[in-house]
Structures are given as structure tokens and as C-alpha cells.
Amino acid sequence: MSGVVLDAAWVREWIRRSAEVIASNRAQLSTLDRAVGDGDHGENMDRGFTAVLAKVEDAPLDATPADLLKLVATTLISTVGGASGPLFGTAYLKASGAVAGAVELDGDAVLAMLSAARDGIVLRGKADAGDKTMVDAWTPAVDAAAALPSGRDPIAVLRAAADAAEAGARATEPLVARKGRASYLGERAVGHRDPGASSSALLLRAAVDAAETG
Amino acid sequence: MSGVVLDAAWVREWIRRSAEVIASNRAQLSTLDRAVGDGDHGENMDRGFTAVLAKVEDAPLDATPADLLKLVATTLISTVGGASGPLFGTAYLKASGAVAGAVELDGDAVLAMLSAARDGIVLRGKADAGDKTMVDAWTPAVDAAAALPSGRDPIAVLRAAADAAEAGARATEPLVARKGRASYLGERAVGHRDPGASSSALLLRAAVDAAETG
Amino acid sequence: MKKLLNDPRSVVQEAVAGFGAAHPGVVTVSQDPLFITRAEPPRTGKVALVSGGGSGHEPLHGGFVGYGMLDAAVPGPVFTSPTPDPIAAATQAVDQGAGVLHIVKNYTGDVLNFETAADLADAEGIAVRSVLVSDDVAVRDSLYTAGRRGVAGTVFVEKIAGAAAERGDDLDGVAAIATRVAERTRSMGVALRPCIVPHSGEPSFELDDDEVEIGIGIHGEPGRERIGIEPADRIIDRLLGPILDDLPFESGDRVVALVNGMGGTPSMELYIAYRRVADVLAGRGIEVARTLVGDYVTSLEMQGLSLSLLQLDDELLELWDAPVQTVALRWGR
Amino acid sequence: MKKLLNDPRSVVQEAVAGFGAAHPGVVTVSQDPLFITRAEPPRTGKVALVSGGGSGHEPLHGGFVGYGMLDAAVPGPVFTSPTPDPIAAATQAVDQGAGVLHIVKNYTGDVLNFETAADLADAEGIAVRSVLVSDDVAVRDSLYTAGRRGVAGTVFVEKIAGAAAERGDDLDGVAAIATRVAERTRSMGVALRPCIVPHSGEPSFELDDDEVEIGIGIHGEPGRERIGIEPADRIIDRLLGPILDDLPFESGDRVVALVNGMGGTPSMELYIAYRRVADVLAGRGIEVARTLVGDYVTSLEMQGLSLSLLQLDDELLELWDAPVQTVALRWGR
Ligand SMILES: Nc1ncnc2c1ncn2[C@@H]1O[C@H](COP(=O)(O)OP(=O)(O)O)[C@@H](O)[C@H]1O
Ligand SMILES: Nc1ncnc2c1ncn2[C@@H]1O[C@H](COP(=O)(O)OP(=O)(O)O)[C@@H](O)[C@H]1O
Ligand SMILES: [Mg+2]
Ligand SMILES: [Mg+2]
Ligand SMILES: [Mg+2]
Ligand SMILES: [Mg+2]
């Protein structure tokens, strides 16, 4: 039994750190995307999170985690474009729905949130695990988090998720892609890491960092 | 008094050697033209002399020097294009006119031929000496040939002309151009040798070589 | 990177503003949200056509807005699908009460963003149908992939669907014609030199001085395979073969042939390519009824080209020949 | 060098053959001697217009053959004037008894070869007049030089003289209109990347990665000066300033503005440039009555653009707006 809970301040800090880590990995994410896609993933995400940051700074002080996550969702949807915009947008939208009304999030709530995000991505993008997409970060993340004993500390949930997402992103390297632009390449995608899986891992790591310092 | 004369066989040999020397300097002439013009002078001249060679090989055995020179003229006019085509074409046309009817050419006849060629170029192109054009090879060539004592050996005439043309071509380097494409460059043409003056010097050297072995 | 621009972040806004200023008789630009509509509104009751996608493919789509073709184009950031908001706004702006057809190139991003836009428009009571263009035979189609890309054949769909709408077909009719064109169109491309996306400043892929990339997309995506440079006729054969075999196109077919420059290809090379296309098709007994040669669906300054063939029937040819008055395609008016 | 071609020596022949095959409704190609004429002969008694010059500037001139513009175009080798024979043959082929106007870009080679061709045509009893186009303000004009180059402004001369001929003006009248257009046209260009001539395989000049060449010609000639890359608006100002000052263009003038791509420039950059042109001209009280943005007079795959302005009067505007039906310019028909 742990008493640690995460609140709206954590969500704000998560968003701030997300924007930061995306900005500082902008070039690298685009380089990954140049190898298997069209070279804009870093740019797309950075445009989105820069907008998100501005929106969140103006959000009402009493905004709940769900309010903030919804703001992230709509802002990403209306600023990112490309494949990742609607996918991450849906992820945050579903995450918001999963914690509707809650002011404090315990480990189960965080797991529900991550799980809903993953389901949203799969719903919109119809990718299976192993298709070499962001799903290959999110699915192991959710699975690892779910494998922890019930009543778990939310930070531990996030940490398990982030670790698994990072491993999942790395594990996309040997895969042939079956969704997204990388699927056009056939065998030539082998050896390259999926950009969306990589940015997903960065976002989950930012969630851990925000929780640990928050 | 020298008894040496040049005949139609010399003209044929001159043409063969011209075609050869132009072909082997094709790239270099175009490189000169790239610096101050449009980079095609070697290509233009090579296209022309390749055609000339074919025509001359088919020319009747009894063709006079004037006949052969006229064939060169019309072939250059109808195959070279650009600025150099009409200019060299006119040069050979006027050269042909200067030796009309002659079967053997003494030193005076060769001088008349060179002089007519130069005049033809000036007539069509309206360039003065020092304008950084082929005239800067032809005018010193004619002047040097004319400076020899009367009754001179035709080979000596050609040699004087070729030497002076080479010096003249080199002397175009420091000039600002006032005719042709190089004139667009203003001061930036300084330091570059004129391509048409260079090819002119090659043609006159070929005339000497043809006479010496012929 | 060397480009004629002011700020990499505002290239699309500035270019679209310039486009509107240059062609006030044909198009009108809405800056925020960013979309392009016809300067002269069509007759009321006409089905409206909206397309869009990442920028960098000009004249697609803005150059095809006008009489007989699109009602609106929605330019996204360079090589990135626009978001749903401007698509929905454009859809609403051009709806004449007869519904709107979305013409969508088959990329995950375009499909998802147009889907959401259609939902938003639907919520406003606008009937929206979508047609996907997926003409690129370089990509192996399969139920288990994102499917084929939409490339230069999009021009065929926009032109002919536009003519059907102008003729007075209803939304289902226009969608059916658009689908028919999409189903009968096949394309494939080659790149000699990659393009450079303004915001990254990096070439979209690397090619050695003696290599070409066969099966290239229009976003600087790498292609199907990289081979040593060959004579033009051989390279054209490598593109035409898969196109002809795929539909397949057969002796007796009539086609529209499009030799499409990728943006940085000299016109001369496009015509050298067309010469081969004409020869090969004649040899196969395929009649080229109409031809387009030029830059229609580009990839910034990429050097290379794509070939597209549309298998015609009498109705499609009639609609192809119908008047069109856009910035990039114009005849009969 | 990487180009889509078969044999560097036959690029022009192959490209022109492909051009003829692609546009049988508009042009007819004579292969030997090589020239391009209209597919539909004009009404008898019309003054005929012939232009030509080195190849590599497509769509100039072949793309401007057709109703309302040229009667024939004579393509020379790449960047090299055609010889007199095909010019004379084309002149003879299109003469309708009312005489022929030669539209000649001011280069020594073009001038000399067209001169000889005119002499040959004259010997056949054909009346020939010539007009020189020399619109490039990058070159300082002087009695003691070859004079200014003819560049993209040639399109203005060909379009408007073509309309005058179509209207029924006699040879002197058409020549006078062509001269008026040439006198009121000014142009200047910039290159970001040189072109590569097929037969040499070498770039026509060298530019560092952060340099641009101001005052470039259309033959890969180096320009007036080389400067470090600057924002697009600054570069446009460097071109527009000399153009405006030269004629000069003044407040109250109406102009046609042409932003001409050199062959390898993305459309986006041309429109970013036009945006600035429109702003600057508006600021000076100069009205842009008509605009062209695109590749009209190119230099193979050179990256860069030129600006051209034509000072209009009512008659020139009317002739500009008159119908034209060519491969590269088409309206009103
Ligand atoms: N169908 C899909 N399902 C899940 N993720 C996808 C799908 N298609 C693409 N993606 C993800 O989107 C990422 C690319 O995003 P981005 O580059 O921003 O968009 P675009 O591909 O439109 O340029 C890929 O790396 C992949 O992770
Ligand atoms: N007006 C002129 N008078 C004499 N020679 C000229 C004149 N204009 C150009 N030339 C010569 O022509 C040469 C260029 O020939 P070439 O490159 O074949 O033709 P183009 O300039 O048409 O490409 C120049 O180097 C110069 O010597
Ligand atoms: Mg991408
Ligand atoms: Mg030259
Ligand atoms: Mg993208
Ligand atoms: Mg030349």
C-alpha cells in the first residue's frame, strides 16, 4: 500500500518536460523518420508540444488531470497533422476519459490512463504489436505496468511503463513495418528504429521524471 | 625566293589535323568557355569539324584549295551554330574567295587567305582588337605574317601566324571582354583566356604541322 | 541547404499568400484556417470537391482549384497532412447543400485527419464522402500494410471527378466516378536527386552520384530499390513494366498518360521519357488518347519523374476533355 | 552528372520527338531539319512568327508554338544557337505570304545565325523582319559590348506579337508591337545552384553551399556578382531594384509580372518570391495587372529564378489577354 498519488500539478510538469524532451530530440526524431519515413516526426511533435505548452500555461488553475489531458489531445489534433497528430491526440483524449473527474491519481488510475491511451492508438491506427509503430512502445508499456501487483505506487507504474517503452522502441529495429510510411520500404526498414515508438518512450520517461521531482 | 608551295593536299591535311586537334582539346576549350561563356565552345567546334572531316573525305579528288575551304565554310555554318559557327564559317568562306582558282599557294597567297579570313570575322562580329575575342588571335597572326619579307615561304607565313596567334590568345587573359558572352561578366572575365582565340590558335598550328609533314 | 525563403517555419503561409496574390481571378486564400477556394463560387447545388495534404507537392492541390476541378484545397505543413480543423472549415466553406467529396491520398496521416474532419463536418449536417487515391505500384499492396500511396494519379481523380460534379452528378455519382478513376490509375516514380525539406535542411535520403532510387514516393520517402544509373529508356521500362502488369493494361486499351516531373527535372528529360512511353505503349497496342507532361505532383526540388496511366472509357474521356480552368490545368475555357 | 537521358548527343532530337508525340493536337515536329510548327496552320495571310535558340530553356520556344503565339520554333543544340539552315527552312515552312517576324534573343550566336537565315529566306523572296530581345538588366548595356542578353521577357514579346499577328496586323505592324514590348520589358535573375549541360557533364559554374549568383543568365553563364545567401525578400529586392530603376517603372504604371523558375526551383519558392514582388510593387504604386509564376524560360535544372516586368498600355494589355493555345501558355480557348 502506498499513499503516493499524482495530481494536476504532475500533469502540468509532465507536459512541460514532454515539450522540453521533444524539443531537444527534435532533430534526432526527424533523422529516424528520414530513414523510414518522410523526415518530419521531430518537427511535427515539436510543433504540437510547443502549442500544448502555451495552452496549458493558460489553463485554469483548477483544471483537473482529465481537463489538462483533454487540452493536450485537442491541441495535438489541431496542430500536429500527419499520422502522429491524430494518433497521439486520440491517445490523450482516451487517457483523459479514463481519469474523468479524478483529482488524484493512484497507481491503478495511472494504469487505466496508459491503457486507454494505448487502446486509442490501436483504435485509430489499427496497428498490431510488431507492426513497427508507436504501438510497439505502448503495448509493452501497458503490459509491464499491468504486471505490477495491484495497489501499486503510480511512480512505479510509470517507471515500468517507461522502461518497457524504451525497450519496445529499441525492439522495433529488426522489424519489417506493416503500418505507416515505413511499410512502403519492405525489407529496407529493417535496422531502423520507429520514430513514433521513440517519441512515445520519451513522453513516458518525461512522465516518470515529472513524478519523481514533483 | 622559295619554291615551296602548298596545294589541295595540304588543305586536306590541315583539315584532318584541325579535326584531330579540336577533338583532343574539346574538353579544354569547353572548360575555358565555362569560365567566361556557356561552356560549349569545344563541343561546338568538335561537332563542326567532325562534320567537316566527313565532307572533305567525300570531296572530289580534283577539288582546289578554294573548293575545300568553301566546303569547310558551309559545313561549319550549317553544323556549329552559336557565335563561333557563323564567324569561322565566314572566315573560311572569305579565305576560299581569296585563293579562288589557285591550285598552288605561295607565301603571298597564304597571307591573302589568312588576311581575308580575319577580315571576314571582323565583318560579321564587329569586334576590335582587344575585345577579348578570336580576333585577338587572328589580327596578330595576320600582322606577323605580313611583316615577313615579300616572296616568303608559305610555311614561314603559317609559322609566324601560328606563333602570333598563340601569343595573342594568351594575351587575352588580362582583358575585359567587349564582345561575346564574356562581355556580360565585366571585370570577372579578367584572368581567363578567350576560348575562340584559343581554338583559332590551334587551327593555325594545325596548318603549320600539315605543311611541315605534307 | 540553399533555398529561396525567409523563415523555414512560414514557407507554406508565405507561398500560399503569394499564390493567392498571383491568381486573384482563379483562387481566394483563407489564411487562418489556411485553405484555398475558387475565386468564382460554383453554381449552387453543385457537389463540392475538397482535397489537401502536406505541402511541397505544388501545383497539387491548390493549382487544381477552379472551374471543373476542386472547390477547395487544404495545404498542410511541408509533407505533413493538414489537421482536421482547416479541412473541416474548407468543407463547410464550399458546401453548396449537395454534399462534399474528400479526395484523400492514401497516407495514414491524411486518412486519419480527413476522417476526423469528416466527422466534424457531419456534426454540422454536411454530407461528406471520401475517396482514397492509392495509385503507386511501387508499394506492394496488402491487407496487412498501410496500402499503396497516393501519388501523381491524384490529378486524374481530381480532374474527372471535378467534371462530373460540374456536369451535375450527385454526391454518390461523383464519388462513384472518382472511385472508378482511382481504381483504373497506376503510377510509379524514380528519383535522381532527393529533395530537402526546409525545416530540416537535410536531404530526404542519400544517393550516390551514380545511383537512382526506383519506386520513390512524393515525400522524399526512400523507394523500392536503389540501382546504378542506366539509360533513360531502361529506367522508363522499369517503371512502365510494373504499371502495365498491375492493372493490367492491355492491347486495345485507351489511356491518359502523365509524365510527371518531381520538381527539379528539366523539361527535356520529361520529354525524352515520354518518347519512350509512347513507343512502348504503341508496341503493346495501347492507345494514348491524351497526354500530360510537366510538373503536376512534385516533391519540392526532387529530380526525377513518375509515370501514371489511366485506363479510359468513353465517359471518362469525355469528362477528361470537359473544360477546366485552374492555375495548373486549363483548357476549353 | 546524373541525368535521365540515353545519349548526350541526341538529347535535343529525342526531347523534341517526345514533345511532338505528346502534343499532336498543338504542334508538329520536323525532324530534319529540326523545327516545330503549329499542328493547325493559321489562316492564310497572317504574318508568321519564328523564334528559336539554344535548347535547354524549355518551354521556350517550342512550348509557345500555337494559336496566338509562335508559328514555328527552331531548337538548337543545348545552349547553342541553331544554324541558319533549319531557321530558314522553318521560315519558309510557315510563311503565309505576309512575311515572317524573327524574334531573336540578343546573343552573338543567335543574332548571326538568324541574320544568315534571313538572308537565305530573302533569297527565296520571303520578307523577314527581326526583333531583338535584350531585357536582362544584369548586363550593363553599352555600344561597346554585345549588349544585354535576352532572357525571360521573351515570353512577353512572343505572346503579344503573336496576338497582334492573329489580329491581322501586317509585318511592319507586328514588328512595331514586338519592338514596343521588348523596349518596355526588364528582367533579372538569381541562381542558387548551377545547371549541368548534358554533353559536358560539368556544372556551368561553381557555387559554395552558402552562395548565390546574382544577375545570372539563362545559359549557365556566371552572373554579375556572387553573394552569401540571404532571406528571399532581400534577394528579390536585389533583383527588383535594378529592374525598376532601369526603365524606369513609376507610380501609376500597370505591369505584367513574371516570376520565372529556372527549372529546378520548387513552386513554393517562386510564390514566396511573388509575395515580395507584389508587396514591393504595391508600395511603389505600380499595379500588377497580370501575373505569371512558373517555369517559362529555364536553364535546364538550374535552381533560381528571374523576375520580369512589362510596362503595359491599353493595347498591350488587350493583346496579352487575347486567346492563346500553346503547350505552355493557354487561355481564352
Ligand atoms: N497505423 C498506425 N498505427 C500506429 N502508429 C502509426 C501508424 N502509422 C504511423 N504510425 C506512427 O506514426 C509515426 C510517424 O509519425 P509522423 O512522422 O509524425 O507522421 P507522418 O508519417 O504522417 O509523417 C511512425 O513512426 C509510427 O510510429
Ligand atoms: N562579336 C564577336 N567577334 C568575334 N568573335 C566573337 C564574337 N563573339 C564571340 N566571339 C568568339 O566566339 C567564342 C565563343 O564561341 P562559342 O562558345 O562556340 O559560341 P557561343 O558564345 O554562342 O556559345 C568566343 O570565345 C569569342 O572568341
Ligand atoms: Mg513523418
Ligand atoms: Mg559558348
Ligand atoms: Mg509527414
Ligand atoms: Mg553556346
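Before any of the text, the structure's been laid out above.
The present account deals with the structure reproduced in this document. What you see is a predicted model, and the numbers here were worked out from it, not measured in a lab. (Residues numbered from 1 in each chain as written. Chains lettered and ligands numbered in written order. Predicted model: local features only at pLDDT ≥ 70, side-chain atom pairs only at ≥ 80, totals over all residues. Heavy atoms only, no water.)

## Topic: the overall build of chain A
The secondary structure content of chain A amounts to nine helices and zero strands. Shown N-terminal to C-terminal, the secondary structure of chain A runs as helices and strands in the order α-α-α-α-α-α-α-α-α. The C-alpha atoms of chain A give a radius of gyration of 16 Å, which matches the 17 Å a tight globule of 214 residues would have. Burial statistics for chain A: of 214 residues in total, 57% are counted as buried. In chain A, the share of contacts with a sequence separation of at least 24, taken over all contacts with a separation of at least 6, comes to 72%. Element-wise, carbon and sulfur atoms account for 55% of the exposed surface of chain A, whose accessible area totals about 7,900 Å². Positive and negative side-chain charges in chain A, numbering 22 and 28 respectively, have mean positions lying 6 Å apart. (Helix = DSSP H or I, 4+ residues; strand = E, 2+ residues; numbered from the N terminus. Rg over C-alpha atoms; globule rule 2.2 N^0.38 Å. Buried < 20%, exposed > 50% of the residue type's maximum accessible area, 1.4 Å probe, protein only. Contact = heavy atoms within 4.5 Å. Areas by Shrake-Rupley, 256 points an atom, 1.4 Å probe, with all protein chains shown as cover. Lys, Arg positive; Asp, Glu negative; His and termini not counted. Charge placed at Lys NZ, Arg CZ, Asp CG, Glu CD.)

## Observations regarding the site of ligand 2
Taken together, the neighbourhood of ligand 2 is formed by 21 residues, with B:Asp38, B:His41, B:Ala83, B:Ser84 and B:Asp194 sitting nearest. Residues within reach of ligand 2 are spread across chains B and D. B:His41 places a polar side-chain atom, nitrogen or oxygen, 2.8 Å from an oxygen atom of ligand 2. In this structure, an oxygen atom belonging to ligand 2 sits 2.5 Å away from a side-chain N or O atom of B:Ser84. Coverage of ligand 2 by the protein amounts to 96% of the 560 Å² it exposes when considered alone. When atom positions are compared with the pocket grids, ligand 2 is found to occupy the largest cavity. Only α3 (41-57), α5 (84-98) and α9 (195-213) of chain B provide two or more residues apiece to the shell around ligand 2. A per-element tally of the shell around ligand 2 places α9(B) first, with three residues. (Near = heavy atom within 4 Å. Polar contact = N/O pair within 3.5 Å; in protein donor to acceptor, adjacent residues only side chain to side chain. 1 Å grid on protein atoms, 1.4 Å probe; cavity = no way out; pocket = protein on both sides within 12 Å on 5 of 7 lines; lining within 4 Å. Sits in = over half its atoms within 2 Å of the grid points.)

## Here we look at the arrangement of the chains
The interface with the most contacts, out of three pairs of chains in contact, is the one formed by chains C and D. Regarding chain A and chain D, the two do not touch, and the least distance separating their C-alpha atoms is 17 Å.

## What to know about the interface of chain C and chain D
Contact residues are listed per partner, giving 57 residues for chain C and 56 residues for chain D. Carbon and sulfur atoms supply 62% of the area buried between chain C and chain D, which totals about 4,500 Å² over both sides. We note a salt bridge from C:Glu269 to D:Lys3, for which the minimum N-O separation is 3.8 Å. Taken together, the connections running from chain C to chain D amount to 18 residue pairs in polar contact (both at pLDDT 80 or more). Those elements that provide at least two residues to the side of chain C that touches chain D are α1 (11-22), β7 (185-193), β8 (211-214), α6 (232-246), α7 (267-283), β11 (287-294), β12 (303-311) and β14 (330-331) of chain C. (Buried area = accessible area lost by both parts, 1.4 Å probe. Salt bridge = Lys/Arg side-chain N within 4 Å of Asp/Glu carboxyl O.)

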